[in-house]
Each structure stands twice: as structure tokens, then as C-alpha cells.
Protein chains: 2
Amino acid sequence: MVQFQSSELAKKAGVTVETLRYYHKEALLAEPQKTDAGYRQYTEADLQRVLFIKRCQGLGFTLKEIKELLALKDDTTHTAGEVKTLTQEKIALLNQKIAVLEEIKTTLTSLVKNCDGKGGVSDCNILKALSTNEEHNHLGETSSC
Amino acid sequence: MVQFQSSELAKKAGVTVETLRYYHKEALLAEPQKTDAGYRQYTEADLQRVLFIKRCQGLGFTLKEIKELLALKDDTTHTAGEVKTLTQEKIALLNQKIAVLEEIKTTLTSLVKNCDGKGGVSDCNILKALSTNEEHNHLGETSSC
DNA sequence: ATAAACCCCGTTCTTAAGTACAGGGTCAAT
DNA sequence: ATTGACCCTGTACTTAAGAACGGGGTTTAT
């Protein structure tokens, strides 16, 4: 069986050794066997697990969520439906975030449109809008972030 | 001149007294006059400043950015153009963030579409896709976040 | 047999935007 | 004159995901 030491696995996975230690501490990755000197000996399965974590992270899952995902994956009594649900919840969250950002963007864009950028700060329509509570500049409370 | 004590201003501005203390520490808000007993006496201008901060925050500006904005606002030698530029940069950032989220959403959505949610975790097409590096599942490195 | 390049462990530091807490003064009313 | 509701200060804690550090062991090559 092929074994790697920590820096080797780290390089293959595109993380640092510190990150691996962190994953061990957070129980995302089990401690592998160790040599007599206490050196970790990782396997291909460990590498795959770290890559899985990294892929999930790239898709916006937090380590906490990834831990859940891994727990489902590790325990065959769980179902595909649970994974699907988790993923759909993530999509819903994503939609919320996108909607908030879009709304903010709309407001900022209209602020910029109303500002010719000429004159001193006291002439700036953006600052004027931000300095008043009036409704007509879309500046209602952008509730939960 | 009307003066408020801290909890009063906090209530009017929708923040806590602790937040005000934090803004003082961060130099977003100057320390107001104090009574002999050391009690802060805020003015209407202080209230407006906190409201300004909160509005900017609602639009996704960080306190650091708001500090910049306030610095421009406070110093009349600055121009409306600077404010406009800052705002436009924020919009650009916003667009980047939205694009990243949209991309992730696309990937997750296609993962969900390929998973019927039936069977155990070993049947789950989402987990299968996340467990392999193949190109056909849109799982390329979602670079900078 | 010693230097370079690894490895280990435990602990502290980082960012953002506060929140919480400990310990103590003050003001108004009873 | 004492209770309750304020106020002050300074310090530590929070979340997320590691990064950095200090101090020390090991392996490999020279």
C-alpha cells in the first residue's frame, strides 16, 4: 500500500500541513497510522477525503457542513435523500445571498447614476443620499445579512 | 442643544451601547463631551453619523470602507469623484461575488438534478460527483472566493 | 557527526464586528 | 440610605479556517 508523509499529502491535495493538523483536530480526517517515530502515514483514501473536502469548500460548503456531509457518506444507513436535502438547503441559502447582493447592487447603481462625480464632497449626491433616511433612494433597511 | 446619553442614542440608532463604544475605539465616531461624572453627551450630529454608518453597512460596506467614506465626507478638500469611485469599486466587487455564487449555484443545481434522492448514500450521485475530479460535473476549481 | 529538511506537539495569532463580563461609580426615587 | 437603573473602564470572548511560532525529535546525505 502506498503511503505518504504529511507534506507529501499536503502538496498533492493543495493544502498545507497545518491544514491537515487542523482537519484532524476538527475530526474531519481521522489520524492515520504513525511510524515508531510518530510520523503520520497517509493513504490514498486520506488524499481522496481531503480532496472531497476541498471540492465541497469550493462549492461554498462550510467545514461544519462538510463534516455533516462526510458523516452521511461514512454511515451507509443514511440515504441519498438526506444528501440531496442538504444540497438543496445550500442552494436556497445561495439564492438568498444572491438576492441580497442584487438588491444592494441595484441601490448602489442608482446612487452612482445620480452622481456626476463633479465638485467637492459637499456636492456629492451619493453622500447626500446616504446622509438622509428618505425612501426615494432605495435605502430601506436591507434586513438580514 | 439637545443631548442624549448613550443608551438613548443607541436606541434611536438601533445599535447597542457596546457598539458605540466600539465605534469610538475604531475612531468612526469621535468621543462626545462628557459630564463631570464622565457620562457621554451625544448630539443630533452623532446620531446622524451612526445612522450613516448603519446605512452604509446595510449596503455592504465594511467599517473600514465606511471609515474611508467618512474621512472623505469630513474633509471638504476631497471630491465627489472620489466617493463615486469608491462606490463603483464596491459595485464591481459585488458583481464578482454574485458571479461566483451564480457559478456555484449552477453546479449545485446540476448535482441535485442528477440525483433522484433514492437509495442509500452509496447510490447518491451528488456524493459520487463530489468524490471524483471529473470535468463533466462542473467541479473545476472555483478559484478565488 | 553534523547540517538540511523533514516531523511532532501545544499554544498563540489573525480578521470583522461586535458581545460579554468584571468591577466599580452615579442618579433618581423611595 | 438604599434599591434599581443607569453609566464608566478595561479585558476577554465569539466564529471560521487556518497560519505562525517555539521548542524539540528524526532522517538523510555529506
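What you see is a predicted model, and the numbers here were worked out from it, not measured in a lab.

S.K.: Please clarify how the environment of Thr132(B) should be interpreted in this entry.
M.R.: For Thr132(B), the location among the structural elements is in the segment after helix H6 (125-130). There is a polar contact of 3.4 Å between the side chain of Thr132(B) and the backbone oxygen of Lys128(B).

S.K.: Would you mind showing me how to read the interface of chain A and chain B here?
M.R.: How big an interface is tends to be stated in terms of the accessible area lost upon association of its parts. Between chain A and chain B, the residue contacts involve 51 residues of the former and 51 residues of the latter. Along the contact surface separating chain A from chain B lie 0 salt bridges. The interface formed by chain A and chain B contains 14 residue pairs in polar contact (both at pLDDT 80 or more). Of all the secondary-structure elements, those providing two or more residues to the side of chain A that touches chain B are helix H3 (44-58), helix H4 (63-74), helix H5 (80-113) and helix H6 (125-130) of chain A. For the side of chain A that touches chain B, the element with the most residues is H5(A), which contributes 21 residues. The residue makeup of the side of chain A that touches chain B, split by class, is 22 nonpolar, 19 polar and 10 charged.

S.K.: Even after reading the chapter, I still don't get the side chain of Lys90(B), so can you show me in this structure?
M.R.: Mapped onto the elements of the fold, Lys90(B) is located in helix H5 (residues 80-113). For Lys90(B), a relative accessible area of 9% translates into the label buried. Here the side chain of Lys90(B) touches Glu65(B) through a polar contact of 2.9 Å, side chain to side chain. Apart from residues no more than four positions distant in its own chain, Lys90(B) is found in contact with Leu108(A), Gly60(B), Phe61(B) and Glu65(B).

S.K.: I keep staring at the relation of the copies chain A and chain B and nothing clicks. Help me out?
M.R.: Copies of the same chain, two in number, are related to each other by a rotation about an axis and a translation along it. Mapping chain A onto chain B leaves a residual RMSD of 0.1 Å; the transformation is a rotation of 180 degrees accompanied by 0.0 Å of translation along its axis. What the rotation and shift describe, once combined, is the action of a two-fold rotation axis. The C-alpha atom lying nearest the rotation axis in chain A is that of Ile98(A); the distance is 3.0 Å. In this assembly, 100% of the residues forming the interface of chain A have copies in chain B that are likewise at the interface, indicating an isologous arrangement.

S.K.: What am I meant to see in the protein's contact with DNA strand D here?
M.R.: Around DNA strand D, 20 residues are found, and the nearest of them are Tyr22(A), Tyr39(A), Gln57(A), Arg21(B) and Arg40(B). The sugar-phosphate backbone supplies 68% of the atoms of DNA strand D found within 4 Å of the protein. A distance of 3.4 Å separates a base nitrogen of DNA strand D from a polar side-chain atom of Tyr22(A). Contact distances for DNA strand D include 2.6 Å between a phosphate oxygen and a side-chain N or O atom of Gln57(A). Among the secondary structure elements, those contributing two or more residues to the surface near DNA strand D are helix H2 (17-25) and H3 of chain A together with helix H1 (6-13) of chain B. Classifying every residue of the surface near DNA strand D by side-chain character gives 6 nonpolar, 8 polar and 6 charged.

The rules behind the values
- Residues numbered from 1 in each chain as written.
- Chains lettered and ligands numbered in written order.
- Predicted model: local features only at pLDDT ≥ 70, side-chain atom pairs only at ≥ 80, totals over all residues.
- Heavy atoms only, no water.
- Helix = DSSP H or I, 4+ residues; strand = E, 2+ residues; numbered from the N terminus.
- Polar contact = N/O pair within 3.5 Å; in protein donor to acceptor, adjacent residues only side chain to side chain.
- Contact = heavy atoms within 4.5 Å.
- Salt bridge = Lys/Arg side-chain N within 4 Å of Asp/Glu carboxyl O.
- Nonpolar A, V, L, I, M, F, W, Y, C, P; charged D, E, K, R; others polar.
- Buried < 20%, exposed > 50% of the residue type's maximum accessible area, 1.4 Å probe, protein only.
- Least-squares fit on C-alpha atoms with pLDDT ≥ 70 in both.
- Near = heavy atom within 4 Å.

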